[in-house]
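# Structural characterization, general
Next come the chains, spelled out residue by residue.
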Amino acid sequence: MTSSPSRAAPEETRRRHLHVRLADDRASIFDHVTEYLQEAGKAPDWYWRTAGRLEGEDDAEDLEELLFSAFEAGASLAHDHPEELRFDWVTDDECERQRQAEEKGSQRDDARKERTSLSHYA
């Protein structure tokens, strides 16, 4: 785990923000969220169907439940399996380079597969 930028660090270092990624590029956040929901006694099918339908919809109560559950899943994963996460402090330029790299090649295909897997539940 990388620590937060120091207050005494140069301006560039202080203007970094946190990216939390899965350590294994082949792992799926959807699997981790589903596992958490099952262990927490929540209904993964409802969760994923609702997430798939939220495009363009304004259902604040469902959105709030989805966000809380996703946050809880992330906290659970960080607590129970910290080795599965990677914490990176990045500048805006580094963030943009990562985003562009993810949109190219096999990473773009993987990202597309994850996005389309949500539509399965809609």
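Higher on the page you've got the structure.
Each residue is numbered by its place in its chain's sequence as written, counting from 1. Given that this is a predicted model, residues contribute local features only at a pLDDT of at least 70 and side-chain atom pairs are listed and counted only at 80 or more, while totals for whole chains, interfaces and linings are drawn from all residues. Hydrogens and waters are ignored; side-chain quantities use all the structure's heavy atoms.

## Considering the packing of helix H3 (residues 44-53) against helix H4 (residues 60-80)
H4 packs onto H3 with a crossing angle of 120° between their chain directions and a minimal axis gap of 10 Å. Comparing the axis directions of H3 and H4 gives the class oblique. When the axes of H3 and H4 are compared, the crossing they make is left-handed. Seen from H3, the contacting residues are Trp-46, Tyr-47, Thr-50 and Ala-51; seen from H4, they are Asp-62, Glu-65, Leu-66, Ser-69 and Ala-70. Within the contact of H3 with H4, the residues separate by chemical class into 5 nonpolar, 2 polar and 2 charged. Only the stretch in contact is used when a helix axis is fitted, and all axes are lines through C-alpha atoms; the angle between N-to-C directions ranges over 0 to 180 degrees. In this description a helix means any DSSP run of H or I spanning at least four residues, a strand means any run of E spanning at least two, and both kinds are numbered starting from the N terminus. Any angle between 65 and 115 degrees counts as roughly perpendicular, while under 35 counts as roughly parallel, over 145 as roughly antiparallel, and the rest as oblique. The hand of a helix crossing depends on one turn: near helix anticlockwise from the far one by less than a right angle means left-handed, and clockwise means right-handed. In what follows, residue pairs with any heavy atoms lying within 4.5 Å of each other are defined as contacts. Nonpolar residues are Ala, Val, Leu, Ile, Met, Phe, Trp, Tyr, Cys and Pro. Charged residues are Asp, Glu, Lys and Arg, and all others, Gly as well, are polar.

## Here's the deal with the pattern of salt bridges
By convention in these notes, a salt bridge is any Lys or Arg side-chain nitrogen within 4 Å of a carboxyl oxygen on Asp or Glu. Summed over the entire model, instances satisfying the criterion amount to 8 salt bridges. A salt bridge links Arg-16 to Glu-94, with the shortest nitrogen-to-oxygen separation between them at 2.9 Å. Taken together, the positions of Arg-16 in the loop between helix H1 (11-14) and strand E1 (17-22) and Glu-94 in helix H5 (residues 92-102) put the pair 78 residues apart, joining distant regions of the chain. When its relative accessible area of 22% is taken as the criterion, Arg-16 is described as partly exposed. Residue class for Glu-94 comes out partly exposed when judged on its relative accessible area of 23%. The salt bridge involving Arg-26 is made with Asp-24; its shortest N-O contact spans 3.4 Å. Burial here depends on accessible area, computed with a 1.4 Å probe over protein chains only, as a share of the maximum for the residue type. Under 20% is buried, over 50% is exposed, and the range in between is partly exposed. The class of Asp-24 is partly exposed, set by a relative accessible area of 35%. Each member of the salt-bridge network shares a partner with another, and the members are Lys-42, Glu-65 and Glu-72.

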